[in-house]
Amino acid sequence: MLKKLRHITKKLGRLRWVQILLGLVVLFLILNLIFPLKVRPRYSTLVTAADSTVLHAFLNEEDKWRMKTELAEMTLLLRETILFKEDRYFYFHPGFNPVAMARAAFRNLTAGRRTSGASTITMQVVRLLEPRQRTYASKLVELFRAIQLEIFYSKDEILQLYLNLIPYGSNIEGIKSASLLYFGKPPQLLSLAEITTLTIIPNRPSSLRLGINNAAVVQARNHWLRRFREQSLFSAEEIEDALREPLTAHRREAPKQAPHLAMRLKQTHPDQPIIYTPIRPNRQAQVEQLVSNYVARLRSMNIHNAAVLVVNNQTMQTEAYVGSADFRNAYDGGQVDGVRAVRSPGSTLKPLLYALAFDKGLITPKSILNDVPTNFSGYEPENYDRQFYGPISVEGALANSLNVPAVKVLQQLGTPKFVSVLKQAEFLTVRKQAKDLGLSTILGGCGVSLEELTRLFAAFANGGLMQSIQFSQSAKKDTLRLLSPESAFMVTNILTQITRPDLPNNFDNSYHLPRIAWKTGTSYGRRDAWSIGYNKRYTVGVWIGNFSGTGVPELSGANTATPLLFTIFNALDYNSAKGWFKSPKGLILRKICAQTGNVPGEFCEHQVLDYAIEGVSEYRRCQHRKAVWTNATGTTSYCAHCLPSLEKEAEAVRRFYPNLAPELISFYESRRIPYEKVPPHNPACTRVFGQRGPQIVSPNDGSEYYINPRDPQQLMLSCQADNEVKEVFWYLNDRLYRRAAPTEAVFFPPQPGRLKISCADDKGRNTNIDVIIKNE
């Protein structure tokens, strides 16, 4: 009976303890719901490089240096030192140490005052997260919060929080902040002496001030090192080395490399304490120095800024990002990010245009275009040197960056198609301007950024595959097939040529010319100079100018931006062993007529090889010469109506003459360039040709022209006629205004209203156009 009673009593006792424990658990859960733990320390934003070194550091929202120490940076040496000094049983207690608490309470009660504490690292973390007055009530709150921390976080995470929050005086918190700002190195590179130094500062931050009172710091450090030796925490040799190590700590400036990129990434990742970038620190420093030195030499010409972007083509990662020549130069807008600034592209979009035309089958590299004065619905572009070169191949037009051929190709391709591709390629300003863009787009009549252009040229380096540039390791990588590998290769082949006008007028740069494909551009008013180049390994974009938009007469892509491009390539990848671009499988070589770039016909004696995209490039038979019947002396030509009869066939001879476009004939005539002309038509013939009449090229049909009534300007009449035409007749509203030579420019004073303009040639053929004249 007694045994049964004892058994029941024990059972009841156990139940009571179980109930107590359950009650405590329920109480904890209720309190946890009412007072949830909030662990949200505000860290300083760190931007790190590819090798994990800190490129740039920012103060947190509280203007404190609180840099997050990662778990990988918590070395075994650091853990052992911290735990020995602060909490030896950290990995064994549940957030509080009952033995230490009892011992501290006994000492404090017997002494009548607070002589020692019993705070664990977990409780110290609570105190650092939620500072309170040092009372027993606060201790109870800390105890509750410590238990919460232990439940919801691992021991390593709690130790990490402690290392991130411990104060070091002034506005420095956390061991990583102290390590970088006092020793200039990350925590994982600290020596035993340096770690010991950083473990003792938080206990006496006012008296042990690094860089100011280093002698007292060394004395306290050595005291703890000897204690480590007494406890055999480290070997005697390690302790002796640490005791002899001099203390060179002093307050350093926070890292400030790649400031434009750092500010950009901080803006896009505001809540990320550490932003990982692919920047190569040595490369970044090297390019920054090259840009700074180069712009220093340009300042005498009133050119004050530059921006450079270096991208690895294989990974599309940014290895150097220079937004301006000097970030600290507020006078010249040094804090403006030239990589993202919207500027006029000049001629830098021409390679994309020709590549699209290659893919459309409209042209091939040796197709012939006429570089002659042309009116495109009132738009009359000129070349950079204000000269015209007549018939020129596509590769010659691109290598020489001629404007009229480019506008002709854009007109043939279609501006909407070109703008659509730019929008697909993430040209953001073009997307906004799309409705207002016309033929001038190809000559710089739109807005682009250095980042967008560099990404575009990297697509040429990657066989037409466009990928987003990686500014951070976590960035999303988008891919777009922008061009075929064949068209990308043809453009690269053209841009690799060095016999071109945009080669710098500098022997030293030419002598050390890197093997790259590159394109230059100069915006209207000489406000922006561009040079974008690439090889198998890198794409480098260079912009030079003034952020104020001030134009400079000496500014040009060739002589201002390209020397810096060459210098950067020579520094980064001179004589690269990565090889060169190989011809894609879909690209073929075929014989073409050198006169037209078309497939040779019966008259094509001079034939050359040209690239073509199999199944895409247009197959046109060359007709650069035409058959004309003339008299025996070649002074008169016959049409089918007046050709001598078979009996008199000996009087007619079949000859071949150049089949020139009217615009080219007009160009030759205006420039007095000799060419082989078709003889005048038989004057005895009474039948007018079934050909079209002279083509009016100015004014533009259907256009509106505004005149100033107080200072009226004259309008020009101009036409293109066949080469046998000797005279044309100009009519205004069906009234004869003037007789003139076909190539002669005629001017007249316009009057407000609708105006019909007619032009007839001496064969009786005519054309009409209508324009509207209005007062401004």
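First things first, this report covers the structure right here in the doc. Predicted model, so just to flag it, every value in this text is computed and none were measured.

Criteria and cut-off values
Residues numbered from 1 in each chain as written. Predicted model: local features only at pLDDT ≥ 70, side-chain atom pairs only at ≥ 80, totals over all residues. Heavy atoms only, no water. Helix = DSSP H or I, 4+ residues; strand = E, 2+ residues; numbered from the N terminus. Expected span 1.5 Å × (residues − 1). Contact = heavy atoms within 4.5 Å. Pairing = 2+ DSSP bridges. Axes fitted to C-alpha atoms, helices over the stretch in contact; angles between N-to-C directions. Buried < 20%, exposed > 50% of the residue type's maximum accessible area, 1.4 Å probe, protein only. Core = buried A, V, L, I, M, F, W, Y, C linked by side-chain atoms within 4.5 Å. Polar contact = N/O pair within 3.5 Å; in protein donor to acceptor, adjacent residues only side chain to side chain. 1 Å grid on protein atoms, 1.4 Å probe; cavity = no way out; pocket = protein on both sides within 12 Å on 5 of 7 lines; lining within 4 Å. Points joined across faces, edges and corners; volume = space filled by probe spheres on them. Nonpolar A, V, L, I, M, F, W, Y, C, P; charged D, E, K, R; others polar. Phe/Tyr/Trp six-rings, centres within 6.5 Å; stacked < 30°, edge-to-face > 60°. Patch = residues over 30% accessible without salt bridge, like charges linked within 9 Å, V, L, I, M, F, W, Y side chains within 5 Å. Areas by Shrake-Rupley, 256 points an atom, 1.4 Å probe, with all protein chains shown as cover. Salt bridge = Lys/Arg side-chain N within 4 Å of Asp/Glu carboxyl O.

1. Observations concerning helix 12 (residues 281–298)
- Here helix 12 contains 18 residues, and its C-alpha end-to-end distance of 26 Å stays within 8% of the 26 Å for a straight helix at 1.5 Å per residue.
- Lining the buried residues of helix 12 we find strand 6 (305–312), strand 7 (318–322), strand 14 (538–545) and helix 21 (557–573).

2. Looking at the sheet that holds strand 26 (residues 753–761)
- Reading across the sheet, the five strands line up as 21-27-26-23-24 and stay open at both edges, with mixed pairing between neighbours. The open sheet has two free edges, formed respectively by strand 21 (704–707) and strand 24 (735–740), since each of these has just one partner strand. Strand-to-strand twist of the sheet, defined as the mean angle between neighbouring strand axes without regard to direction, takes the value 30°.

3. Regarding unusual backbone geometry
- For Arg526, which is not a glycine, the phi torsion comes out positive at approximately 55°.
- Note that Arg526 resides in the loop between strand 12 (517–522) and strand 13 (528–534).
- Positive phi values are uncommon outside glycine, yet Asp734 reaches one of about 70°.
- Mapping Asp734 onto the fold places it in the loop between strand 23 (728–732) and strand 24.
- Asp734 gets classed as exposed once you look at its relative accessible area, which sits at 52%.

4. Notes on the sheet that holds strand 1 (residues 46–48)
- If you trace the three strands from one edge of the open sheet to the other, you get 2-1-5, paired in mixed fashion. Only two strands of the sheet have a single partner each, and these edge strands are strand 2 (54–57) and strand 5 (274–276). Along the sheet, successive strands turn relative to each other by an average axial angle of 20°, direction set aside.
- Summarising the sheet, strand 1 and strand 5 pair through three bridges and their orientation is parallel. Across the sheet, Val47 pairs through a bridge with Ile275, a residue of strand 5.

5. Details of the nonpolar core
- Counting 90 residues, the largest nonpolar core has Tyr354 and Phe418 as its most contacted members.
- For this core, the leading source of residues is helix 18 (residues 450–461), giving eight residues.
- Contact partners of Phe418, with chain neighbours within four places excluded, come to Leu349, Leu352, Leu353, Leu356, Leu410, Leu413, Thr441 and Ile442.
- Among the nonpolar cores identified, the runner-up in size contains 57 residues, and Ile121, Ile166, Ile200 and Leu210 belong to it.

6. Remarks on the side chain of Asp573
- Structurally, the position occupied by Asp573 is in helix 21.
- A polar atom in the side chain of Asp573 sits 3.2 Å from the side chain of Arg537.
- Excluding residues within four positions of it along the chain, Asp573 makes contact with Asn535, Arg537 and Tyr538.

7. Looking at empty space enclosed by the protein
- What the rule picks out here adds up to one cavity of 30 Å³ or more.
- Empty space within the largest cavity amounts to approximately 60 Å³.
- Together, Gly361, Leu362, Ile363, Thr364, Ser367, Arg590, Gly597, Asn598, Val599, Glu618 and Arg620 line the largest cavity.
- Considering only residue class, the lining of the largest cavity consists of three nonpolar, five polar and three charged.

8. Looking at the pairing of strand 14
- For strand 14, the tally of buried residues reaches eight of eight residues, placing the bulk of the element in the interior.
- What you see with strand 14 is no split at all: Tyr538, Val540, Val542 and Ile544 on one side and Thr539, Gly541, Trp543 and Gly545 on the other are buried throughout.
- Looking at chain direction, strand 6 and strand 14 are connected through eight bridges and run antiparallel. Following the sheet pairing, Ala306 is matched in strand 14 by Ile544.
- Of the strand pairs in this sheet, strand 13 and strand 14 are connected by seven bridges, and their pairing is antiparallel.

9. Some points on the packing of aromatic side chains
- The full count for this structure, using the stated rule, is 17 aromatic pairs.
- An angle of 85° between the planes, with centres 5.2 Å apart, marks the rings of Trp518 and Phe566 as edge-to-face. Taken together, the residues span a long stretch of sequence, with Trp518 in strand 12 and Phe566 in helix 21 at a distance of 48 residues.
- Taking relative accessible area as the criterion, Trp518 reaches 0% and is therefore assigned buried.

10. Some thoughts on a nonpolar patch on the surface
- On the surface, Tyr89, Tyr91 and Phe92 cluster together to form a nonpolar patch covering roughly 400 Å² of accessible area.
- Along the chain, Tyr89 turns up in the loop between helix 2 (76–86) and helix 3 (98–111).

11. Quick word on the environment of Asn313
- Among the secondary structure elements, Asn313 is positioned in the loop between strand 6 and strand 7.
- On the basis of relative accessibility, which here comes to 1%, the residue Asn313 falls in the buried class.
- Spatially, the C-alpha atoms of Asn313 and Val336 are 26 Å apart, while their sequence positions differ by 23 residues.

12. Points about the environment of Tyr574
- For Tyr574, the location among the structural elements is in the loop between helix 21 and strand 15 (587–593).
- For Tyr574, a relative accessible area of 40% puts it in the partly exposed group.
- Sequence separation between Tyr574 and Leu298 is 276 residues, and the spatial gap between their C-alpha atoms is 24 Å.
- Those residues in contact with Tyr574 that sit more than four places away from it in its chain are His512 and Phe569.

13. Brief notes about the layout of surface pockets
- One number sums up the size of the second largest pocket: a volume of about 980 Å³.
- Secondary structure elements with two or more residues in the lining of the second largest pocket: strand 12 and helix 21.
- The element contributing the most residues to the lining of the second largest pocket is strand 12, with four residues.
- Its residues placed into classes, the lining of the second largest pocket shows ten nonpolar, 19 polar and seven charged.

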